[in-house]
Amino acid sequence: MRSSNRQQECRVLWRRLTVLLLISALWIMGMAGCSSSEIDSARLEPRTIALIAPVHAEEQGDAMRLGAEAAAKEYGYQLQYASFKPNEDAGEQLAAALRMVEGGASAILIDPANEGVLEELAAAASARNVPLVALNDERLVKGVQGAITVDHVEAGRQAGEALAKLIGDAGSVAIMRSDRTDPDLELREAGIREALARHPSIRIVESASCGNLRDACWNAAKGMLDASHIDGAIALESGASLGLADEAKRRSEAGRLKIVAFGSQVEQLSLLQDGVIHQLVVQNDFSFGYIGLEQAVSVLSGKETPGSPTMLETKVVNADNMFWMNNQKLLFPFVQ
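All of the points below concern the structure found in this document. Note that this is a predicted model, so its numbers are computed, not measured. (Residues numbered from 1 in each chain as written. Predicted model: local features only at pLDDT ≥ 70, side-chain atom pairs only at ≥ 80, totals over all residues. Heavy atoms only, no water.)

**Remarks on the state of the cysteines**
Note on terminology: disulfide describes a covalent bond linking the sulfur atoms of two cysteines.
Here is step 1 of the chain: Inspection of every chain in the model, using the stated rule, returns 1 disulfide.
Here is step 2 of the chain: Across the disulfide, C210 is cross-linked to C217 (sulfur-sulfur distance 2.2 Å). Handedness here is read from the sign of the S-S torsion; for C210 and C217, about 90 degrees, the answer is right-handed.
Here is step 3 of the chain: Taking the relative accessible area as the measure of exposure, C217 reaches 0% and is therefore buried. (Disulfide = S-S within 2.5 Å. Buried < 20%, exposed > 50% of the residue type's maximum accessible area, 1.4 Å probe, protein only.)

**Section: the packing of helix α5 (residues 152-166) against helix α6 (residues 183-196)**
Here is step 1 of the chain: In contact at an axis separation of 6 Å, α5 and α6 are set at 40 degrees when each is read in the N-to-C sense. As judged from the angle between their axes, α5 and α6 are oblique. When the axes of α5 and α6 are compared, the crossing they make is right-handed. Touching H152, V153, G156, R157, A159, G160, E161 and A164 of α5 are D184, L187, R188, G191, I192, E194, A195 and L196, all from α6.
Here is step 2 of the chain: The residue makeup of the contact of α5 with α6, split by class, is 7 nonpolar, 4 polar and 5 charged. (Axes fitted to C-alpha atoms, helices over the stretch in contact; angles between N-to-C directions. Helix = DSSP H or I, 4+ residues; strand = E, 2+ residues; numbered from the N terminus. Parallel < 35°, antiparallel > 145°, perpendicular 65-115°, else oblique. Left-handed = near helix turned anticlockwise from the far one by under 90°. Contact = heavy atoms within 4.5 Å. Nonpolar A, V, L, I, M, F, W, Y, C, P; charged D, E, K, R; others polar.)

**Section: the sheet that holds strand β4 (residues 132-135)**
Here is step 1 of the chain: Read from one edge to the other, the open sheet built from 6 strands follows the order β2-β1-β3-β4-β5-β12, with strand pairing classed as parallel. Taken across any chain shown, the strands that pair with only one partner, and hence form the sheet edges, are β2 (78-82) and β12 (310-312). For this sheet, the mean angle separating the axes of adjacent strands, direction not counted, is 15 degrees.
Here is step 2 of the chain: Pairing between strand β1 (residues 48-52) and strand β3 (residues 107-110): 4 bridges, direction parallel. (Pairing = 2+ DSSP bridges.)

**Description of the pattern of salt bridges**
Side chains that carry opposite charge are capable of pairing whenever their charged atoms lie near each other.
Here is step 1 of the chain: In this structure the tally under the stated criterion is 15 salt bridges.
Here is step 2 of the chain: In this structure, E189 and R193 form a salt bridge, with 3.1 Å as the shortest nitrogen-oxygen distance. In this pair, E189 and R193 both sit in helix α6, 4 residues apart, roughly one turn of the helix.
Here is step 3 of the chain: Among the residues examined, E189 registers a relative accessible area of 13% and is labelled buried.
Here is step 4 of the chain: Taking relative accessible area as the criterion, R193 reaches 36% and is therefore assigned partly exposed.
Here is step 5 of the chain: Among the charged side chains, a network of salt bridges with common partners joins E154, R157, E161, E194 and R198. (Salt bridge = Lys/Arg side-chain N within 4 Å of Asp/Glu carboxyl O.)

Structure, rendered in structure tokens:
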């Protein structure tokens, strides 16, 4: 028995060490990135493809960059990456993307902040005959040659069913949504509501919304939990999940309050291990970057891209399966 306990302790310590190493790796990678304010309008080198990160992306953008860098190396292109500070939003993203077009980028990859960014960038890129591929987005608007996305409704269904199982198919649940308009997040919520509607003993109570700032999400979670008793909650974005986790810990309800979230940030994974977050719906952001660059190269080579968006799968992970071999590259693409 003592030997068994010792082995269990070693496994726990190893997992915590792994997460700490991942945090260190991401910090170093983040230091290597550049913000939109550091991108000038100088001419880019020939055969350069620009990747415009999602706003408020953090690790998601890093995973996309790794995928795009791998494909760029394979096809003989250089990658120029534009990332953003936490307070930068759609306006800064569009400005950075337009500078890349004007600077002579061979092609542009972007996870657009909203439809307005995508449409304006598509018009500018089309005018200069620069291929544009949308990542994490299914809108093939005029001027967009390719798109890679996930089935957001299905991802929402996965989250809803995961929470229903966690609370034993009965109880009160809430949805923490974004305070910005985003069609993808609306589809997630639609999938969640569809799944929960299959469980008549589950009731959706008044929900909350917040932006990217963690303190704002913490305050939103506090107000939501003050308003009524909640057995479980689903956070549509990573920031909301961290604020909700902070409030659950403050109330000493971590573990009792079942939390399902979207994303795979290192801190989310740590909270998953600690039992504060119970399930994460994750997607392969590395593949977004890799396939996106492949599609851009295909357009540059005169080949046709798929006439419909390329759909990638989402998976539900928990503390028990996050270290399974088939989930390693999905959660930790930066580990070689």
